Amino acid sequence: MQAFDLVLFGGTGDLAMRKLLPALFRRHLAGQIPADSRVLGVARGALSREAYLARVEQSCRQFGEGAFDATRGASFASLLHYVSADARQPDSFGAVQAVLAGREAVTRIFFLSTTSARFAGICDPIGRTGIATPDSRVVLEKPLGQDLASAGQINAQVATVFAERQIYRIDHYLGKEAVQNPIALRFGNLLFEPLWRRGSIRHVQITVAETLGGGSRGSLFDQTGALRDMVQNHLLQLLCIIAREPPTSNEANAIRDEKLKVPRALRPLTGADVLAKTVRRQYRTGAADGKPVIGYLQEAGVPADTTTETFVALKAEIDTWRWAGVPFYLRTGKRLQEKVSEIVVTFDEVPHWIFGGATGLPSPNRLRIGLQPCDSITLTILAKKPREVMTLQAVDLSLYLAASFKAQPLDACERLLMDVVKGNLTLFRRRHEFDAAWSWIDPIREGWARHDTDPKGYAAGSWGPAASSALIGRDGFAWNGEL
Ligand code: BG6
């Protein structure tokens, strides 16, 4: 691996301190940071290098999983530099230029860990000062824009400085090991792919449930809401992984070509469909971990009259030969009962039931891909109950990946950072994919703005509103766990 200069804009921000710098620290301990590499924290504040190092040390102690000690801290600190610069002040940006001067041969990574409203303002001086070498990379944090128009504008501005092959749009869900399991499962085994279609699959559920409230990041979440914060990116990414066609190879473009076709084939949710096929709610007071918790409207930093949703459930349909007639149910919410992320694929019933009784057991085969709290794969099959003549019962074939491989998964952030260093774009989103995702999301928000202006509530600590169970129940199904 080639040495790099990682220029971290928003270098004192929450994400940098909580995630990125501890992730770099752990990769450094693992011996993965090439010699002569540097990390340049950039922020507006006038901080000395010592003061910056002290902040980084504190965050690595807190989030470095107990690995921090004075010796390791000192060796990591030798990589770190701090540059005070304000992209809005052309003169102050010269400081960044000066620190990079003479190191053109080293891979330059510009990591924009700021709100996307500032991306253009940062890229502009990068372009003007000529510090972006042809081999440079730029990493864009989510959320990228607020809708199709704003995302398009930001992408266009970034494109004036960087070519698409240099742009790494992050979605940390794509860096989770468990998210890559469905790919291995589908395309590394003969077993599933012939059944991976209408006629064999009845429906698919994708759940990303959180116990945390939306208020912990205050108004930031409030400006975004669950649809844009979670569905537009993480849940649609999971949907793409489950629904895409087999790529011709494991090469980044081959994978991303197939992924793009999924959001483009999503049936638009417009007009009456928005109300019929989506549920939008806000949590109210309830309980978490046996203790009472406040409702979203009472959270600090959240406007008392906000209409931002903290829960979304919806029914998506993909208009392709493979998926016509197979519903995909997506749900995500804050302050739900458990932190669980899972994909559940339910297969059809057998065409002819020979084991007696008027009807067969309902849809017995299910494949559950667990992403959180642990990476697991569970296939539910029917087996004969011992000692009984021919009584069938559902049993689980389960695989817990950490136990089977005797290895803990790599943190998503570490994985994605190292992919940027290696120049591997496979797990990053392309511009067209963003456009397709926003084109599908925007009409849902427009429909809500017209007809569902005041979201109803659900109790904190529950599994969400009854309307979410009704959404899937109308088609004769139930959310996993509600069976
Ligand atoms: C982030 C969202 O992208 O993902 C947060 O902005 C959310 O609101 C988080 O809490 C969930 O990530 P994870 O990895 O904890 O499921």
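Residues numbered from 1 in each chain as written. Predicted model: local features only at pLDDT ≥ 70, side-chain atom pairs only at ≥ 80, totals over all residues. Heavy atoms only, no water.

Draft legend 1. Quick look at the packing of helix H1 (residues 14-29) against helix H13 (residues 412-422). Contact geometry for H1 and H13: axes closest at 9 Å, N-to-C directions at 75 degrees. One element, H1, and the other, H13, form an angle in the roughly perpendicular class. Side by side, H1 and H13 meet where Lys19, Leu20, Ala23, Leu24, Arg26 and Arg27 of the first sit next to Cys413, Glu414, Leu417 and Met418 of the second. Across the contact of H1 with H13, the residue classes break down as 6 nonpolar, no polar and 4 charged. (Axes fitted to C-alpha atoms, helices over the stretch in contact; angles between N-to-C directions. Helix = DSSP H or I, 4+ residues; strand = E, 2+ residues; numbered from the N terminus. Parallel < 35°, antiparallel > 145°, perpendicular 65-115°, else oblique. Contact = heavy atoms within 4.5 Å. Nonpolar A, V, L, I, M, F, W, Y, C, P; charged D, E, K, R; others polar.)

Draft legend 2. Seen up close, the site of the ligand. Residues in contact with the ligand amount to 12 residues; listed here are only the nearest, Tyr173, Lys176, Glu210, Asp229 and Lys334. Interatomic distance of 3.1 Å between a side-chain N/O atom of Gln372 and an oxygen atom of the ligand. Here the ligand loses 81% of its free accessible area of 390 Å² to cover by the protein chains. At 3 residues, the largest contribution of residues to the shell around the ligand is made by helix H9 (residues 225-243). (Near = heavy atom within 4 Å. Polar contact = N/O pair within 3.5 Å; in protein donor to acceptor, adjacent residues only side chain to side chain. Areas by Shrake-Rupley, 256 points an atom, 1.4 Å probe, with all protein chains shown as cover.)

Draft legend 3. Quick peek at unusual backbone geometry. The omega torsion across Lys142 and Pro143 is -5 degrees, close enough to zero to call that bond cis. Relative to the assigned elements, Pro143 resides in the loop between strand E5 (137-140) and helix H6 (148-159). Although it is not a glycine, Arg335 sits at a positive phi angle of roughly 55 degrees. One can find Arg335 in the loop between strand E12 (327-333) and strand E13 (340-347).

Draft legend 4. The arrangement of the sheet that holds strand E1 (residues 4-9) in detail. Sheet architecture is open: 6 strands sit in the order E3-E2-E1-E4-E5-E6, paired in parallel fashion. Only two strands of the sheet have a single neighbouring strand rather than two, namely strand E3 (80-84) and strand E6 (167-169). Neighbouring strand axes in the sheet, compared pairwise and without regard to direction, differ in orientation by 20 degrees on average. Where strand E2 (residues 38-43) meets E3, 5 bridges bridge the pair, whose relative direction is parallel. In the sheet register, Leu40 faces E3, and the bridge partner there is His81. With respect to the sheet, H1 is in contact with E1, E2, E3 and strand E4 (107-112), its orientation differing from that of E1 by roughly 170 degrees. Sheet contacts for helix H5 (residues 119-129): E1, E4 and E5; angle to E4, the most-contacted strand, approximately 155 degrees. (Pairing = 2+ DSSP bridges.)

Draft legend 5. Geometry of the side chain of Glu210. Locating Glu210 in the fold gives a position in the loop between strand E7 (201-209) and helix H8 (219-222). Residues contacting Glu210, with those up to four places away along its chain left out, are Met230, Gly333, Lys334, Arg335, Leu336, Glu338 and Lys339.

Draft legend 6. A look at the environment of Arg228. Structurally, the position occupied by Arg228 is in helix H9. Between the alpha carbons of Arg228 and Pro143 there is a distance of 7.7 Å; along the sequence they are 85 residues apart. The residues touching Arg228, leaving out its near neighbours within four places in the chain, are Gln146, Gln223, Asn233, Trp438 and Arg445.

Draft legend 7. The pattern of salt bridges, seen in detail. Under the defined criterion, the tally for this structure stands at 33 salt bridges. A salt bridge links Arg61 to Glu57, with the shortest nitrogen-to-oxygen separation between them at 2.8 Å. Of this pair, Arg61 and Glu57 are both found in helix H2 (residues 49-63), 4 residues apart, which corresponds to roughly one turn of the helix. What emerges from the salt-bridge pattern is a single network uniting Arg267, Asp273, Lys277, Glu317 and Asp319. (Salt bridge = Lys/Arg side-chain N within 4 Å of Asp/Glu carboxyl O.)

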